[in-house]
Protein chains: 2
Amino acid sequence: MGRKSLKESRQPEIIKAFYKLAKREGLENASIAKTAALININPSLIIHYFQTREQLVSALIEFILERYLQIFKTPTISEEDPKKRLLTVIDKLFSHKWNILFDDSVAYSCYSMVFRDKKVKAKFKVVLDQLRHNLEAMIKDANEAGEMNVADPARAADMVFVIVDGAYYYLSLESNKDEYRKKLEFYKQQAIQQLNLYAYETIPG
Amino acid sequence: MGRKSLKESRQPEIIKAFYKLAKREGLENASIAKTAALININPSLIIHYFQTREQLVSALIEFILERYLQIFKTPTISEEDPKKRLLTVIDKLFSHKWNILFDDSVAYSCYSMVFRDKKVKAKFKVVLDQLRHNLEAMIKDANEAGEMNVADPARAADMVFVIVDGAYYYLSLESNKDEYRKKLEFYKQQAIQQLNLYAYETIPG
DNA sequence: AAATTAATTGAATGTTCGTTCAATTTATTT
DNA sequence: AAATAAATTGAACGAACATTCAATTAATTT
């Protein structure tokens, strides 16, 4: 008996507010007090749900990493043709929505913890590997459907993400929208080329 | 008359201590008081030389960015053959010393400010562009010496750095030393391939 | 040695921080 | 309506923070 727990709704609400604040002012300036003020609750309530700021940050990291994986959990998957499906994912990786995930002060701040916190490092590793494995599986599907012939799907998938990560690292500094668009398109073509490097068959534009 | 300024020696000393501390505890936990304690001076002295913590961080960013450019300011340049010189730089980019610059919590924390501070963004842009221009110049030299024929040196240089940045973003999560070494070598080969993509002549291993 | 200027210290400031704890409110069950 | 358990508040804590200011020390010049 007694009151029902509100954890499942309150915790995400707090994490989202914390994230919003961190985006605005930087993770290092995102405090419990400010977060509480943002959603009109008492700071103690945040401690009630997360015990320490450290655990709140930990929850934030998981929140961010979950978003990364969502690229494989969208209507894309419903695409019937394996090669089309693959190219749709590549499209998405170099699209505006995916940009937003990378043009993100908070994500880089979280990433910086990788060097001081083994658990954070492990979390990031799991997600980045998952992304690679998912893409690898799609490449294999396209191979088996006879639509492509990538000799080493694992390495190809790896390289695609290396290009994605390296591309946004540089693109986030580009203020000129037109330059941004052009470069993004160039990097996308480079990523697609990775699927051709070992391919006997070329992908029609 | 009066006492001579010690700025030129004191400022770097303070920046280095601040950097050391930031590496150990994270930039967000690196305070003026702790930095002062580290080199046995009074906290006020740091304010004397930098006025605010913000300016100290700004100096730290410049310190870090200067180190990036040093890859082109080493004995490498003395190499007589343009192609050898180019490959030596590629070697360095995927070497242990360059690793250290990237396996660095502080650099990513600084980078995260890019999204909230236009000046920081501009600073990073200048340095990343400089790196690309330097490499582009070396590719052109090798082209003109008739040793290579890279059709688009600017894009090739860009791609090399995209691969470097993307590679370390993933590699920094790899704890297994053997895996790390293997993957680093693979990425290096991919970078070298970028110089061959448009080349009529292949580079002998 | 007197004057000058920067280096350096030390005490003090007000602010914000994360966290604790007891008290109160609110929802749910018996 | 009584019992229960979680939600929520509000006051309070000490710690650490960046920064200030005046006082002192140390080097350099005339």
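The structure reproduced in this document is the subject of the present report. (Residues numbered from 1 in each chain as written. Chains lettered and ligands numbered in written order. Predicted model: local features only at pLDDT ≥ 70, side-chain atom pairs only at ≥ 80, totals over all residues. Heavy atoms only, no water.)

## A few points about the interface of chain A and chain B
Note the threshold: Only heavy atoms enter the contact rule, under which two residues are in contact if any of them lie within 4.5 Å. A quick way to say it: buried area is the sum, across both parts, of accessible area lost when two parts are put together, with a 1.4 Å probe. A pairing counts as a salt bridge when a side-chain nitrogen of Lys or Arg comes within 4 Å of a carboxyl oxygen of Asp or Glu. In the analysis that follows, any N or O atom pair within 3.5 Å is treated as a polar contact, provided that within protein one partner can donate a hydrogen and the other can accept it, and provided that, for residues neighboring in sequence, both atoms belong to side chains. Segments assigned H or I by DSSP are reported as helices when at least four residues long, segments assigned E as strands when at least two residues long, and all are numbered from the N terminus. In the scheme used here, Gly and all other residues not listed as nonpolar or charged are polar, with Ala, Val, Leu, Ile, Met, Phe, Trp, Tyr, Cys and Pro taken as nonpolar and Asp, Glu, Lys and Arg as charged.
Facing the 45 residues of chain A at the interface are 45 residues of chain B. Summing the contributions of chain A and of chain B, the shared interface buries around 4100 Å²; its carbon and sulfur component is 64%. Summed over the shared surface of chain A and chain B, the result is four salt bridges. A salt bridge links E174 of chain B to K125 of chain A; its shortest N-O distance comes to 3.6 Å. Joining chain A to chain B, the criterion identifies eleven residue pairs in polar contact (both at pLDDT 80 or more). Looking at the side of chain A that touches chain B, the elements that each hand over two or more residues are helix 1 (7-25), helix 7 (105-112), helix 8 (118-144), helix 9 (153-171) and helix 10 (177-196) of chain A. In terms of residue class, the side of chain A that touches chain B is built from 20 nonpolar, ten polar and 15 charged.

## Description of the protein's contact with DNA strand D
We count it as follows: By convention in these notes, a residue is near a molecule or strand provided one of its non-hydrogen atoms lies within 4 Å of it.
Near DNA strand D there are 25 residues, and of these L6, N42, S44 and H48 of chain A together with R53 of chain B occur at the shortest range. Each atom of DNA strand D within 4 Å of the protein was classed as base or backbone; sugar and phosphate made up 71%. G2 of chain B places a polar main-chain atom, nitrogen or oxygen, 3.4 Å from a sugar or linking oxygen of DNA strand D. For the surface near DNA strand D, the elements supplying multiple residues, two or more each, are helix 1 and helix 3 (43-50) of chain A together with helix 2 (32-38) and helix 3 (43-50) of chain B. In terms of residues, the surface near DNA strand D owes the most to one element, helix 3 of chain A, which gives four residues. Residue composition of the surface near DNA strand D, grouped by class: nine nonpolar, nine polar and seven charged.

## Points about the layout of surface pockets
Here is the rule: In the cavity and pocket records, a cavity denotes points on a 1 Å grid over the protein atoms alone where a 1.4 Å probe fits but cannot get out, a pocket denotes an open set with protein on both sides within 12 Å along at least 5 of 7 lines, and lining residues are residues with an atom within 4 Å of a point. Grid points are joined across faces, edges and corners, and a volume is the space filled by probe spheres set on the points.
Empty space within the largest pocket amounts to approximately 960 Å³. Around the largest pocket, the lining comprises 33 residues; the ones closest to its centre are L27 and E28 of chain A together with L27, E28 and S109 of chain B. Every element with two or more residues in the lining of the largest pocket is listed here: helix 4 (53-69), helix 7 and helix 8 of chain A together with helix 4 (53-69), helix 7 (105-112) and helix 8 (118-144) of chain B. Space inside the second largest pocket adds up to approximately 380 Å³. Lining the second largest pocket are 18 residues, with D103, S172, E174 and Y180 of chain A together with K121 of chain B sitting closest to its centre. Mapped onto the lining of the second largest pocket, the elements with two or more residues apiece are helix 6 (96-102) and helix 10 of chain A together with helix 8 of chain B. Class assignment of the residues belonging to the lining of the second largest pocket gives a composition of six nonpolar, five polar and seven charged.

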